[in-house]
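In case you want the letters, here they are:
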Amino acid sequence: ELTRRRMAARLLDGGQRSTTPAWAGLAALLNCTDAEFRALAEPLGQMTSLAYTATHGSYFNSSTVNSTVDSWVRGLTANPPGGGMRALLFLQPRTQRGVVAFRGTDLDRHAASGQADACADHFLFNESGALPEFCAQFDAATLDYFARALEFVAEVRAAHPNLDLLFTGHSLGAGLAMMMSVAAPASQPGVPAAEVKWPVVG
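Sequence order as written defines residue numbering, which begins from 1 separately in each chain. For this predicted model, a pLDDT threshold of at least 70 governs which residues receive local features, and a threshold of 80 or more governs which side-chain atom pairs are given and counted, while totals over whole chains, interfaces and linings are taken from all residues. Processing note: side-chain calculations cover all non-hydrogen atoms of the structure and skip hydrogens and water entirely.

1. Structural notes on the overall build of the chain
Basically, it comes down to this: Working definition: helices are DSSP H or I runs of at least four residues, strands are E runs of at least two. Numbering for both runs from the N terminus. Note on exposure labels: buried denotes an accessible area under 20% of the residue type's maximum, exposed denotes more than 50%, and partly exposed covers the range between, all computed with a 1.4 Å probe on protein chains only. Note on contacts: a residue pair is in contact if any heavy atoms of the two residues lie within 4.5 Å. Per-residue and other accessible areas were derived by the Shrake-Rupley procedure at a 1.4 Å probe size, with only the shown protein chains allowed to occlude residues.
Across its full length, the chain holds 6 helices and 5 strands. Helices (α) and strands (β) of the chain occur, in sequence order from the N terminus, as α-α-β-β-β-α-α-α-β-α-β. Of all 202 residues assigned to the chain, the portion counted as buried reaches 44%. A separation threshold of at least 6 residues defines the contact pool for the chain, and within that pool the share at least 24 residues apart is 59%. For the chain, the accessible area works out to roughly 10000 Å², and carbon and sulfur atoms hold 55% of it.

Shown next as structure tokens:
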């Protein structure tokens, strides 16, 4: 039997062999050590960081446009040229596992990326109050990050129907990851979405 340490380390490197969904072993992290947690969280953190630096916005770094994480390949990307919801797909084809990393808020409100993010934050998380004036430059579809995230996940699942997905993100991206874990359709064929509890790391 795998120890918790070996299980946590293998969750991301593809070493676990099981008939259960690949991410089901995340429950072992409830009682793991700091080192075991880092074995899983650090690669997910790297994916989330790339969601900032490999997409349009104030954090963009051209050297990371095609970057990935060890033992993972980059897949589909949501990266509209103006403002809008941004996300990256990371794949491990041999294990049929995937991670969708949602980008968080761009804090630079002088450019379209940060302005759209600020409007989407307000739209998703503020129960009252008017949107900032600069939100008028964007149409409703652009600012509906929830709907755009659902569309991206649906695109991922259409392209990779047997992929076992995990959602992650930071800030606004963590919020989208939690929403997708509840609202997105099941990736396992024949399993209704309501019966699947997608793991989330945010």
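Having seen it, we continue.
2. Things to note about the environment of Thr53
Within the secondary structure layout, Thr53 lies in helix 2 (residues 34–53). Take Thr53: its relative accessible area is 17%, and that puts it in the buried class. Expressed as a C-alpha distance, the spacing of Thr53 and Thr64, which sit 11 residues apart in the sequence, is 6.4 Å. In this view, Thr53 contacts Tyr59, Phe60, Asn61 and Thr64; residues no more than four positions away in its chain are not counted.

3. Side note on the state of the cysteines
Note the threshold: Any two cysteine sulfur atoms lying within 2.5 Å of each other are counted as a disulfide.
All told, the structure shown has 1 disulfide when counted by the stated rule. Across the disulfide from Cys119 sits Cys135; the S-S distance is 1.9 Å. Measuring handedness by torsion sign, the sulfur bridge of Cys119 and Cys135 sits at about -100° and is left-handed. Note that Cys119 is positioned in helix 3 (residues 112–125) and Cys135 in the loop between helix 3 and helix 4 (140–143), a separation of 16 residues in sequence.

4. A word on the packing of aromatic side chains
Under the convention used in this document: Pairing of aromatic rings covers Phe, Tyr and Trp, the last counted by its six-membered ring, and requires centre-to-centre distances within 6.5 Å; plane angles under 30 degrees mean stacked, over 60 mean edge-to-face, and any other angle means tilted.
Applying the stated criterion across every chain yields a total of 2 aromatic pairs. Consider the rings of Tyr52 and Tyr59, whose centres lie 5.4 Å apart with planes at 85°: the pair is edge-to-face. With a relative accessible area of 32%, Tyr59 lands in the partly exposed category. On the basis of an interplanar angle of 45° and a centroid distance of 6.3 Å, the ring pair of Phe102 and Phe167 is categorised as tilted.

Taken by themselves, the reported measurements are silent on function.
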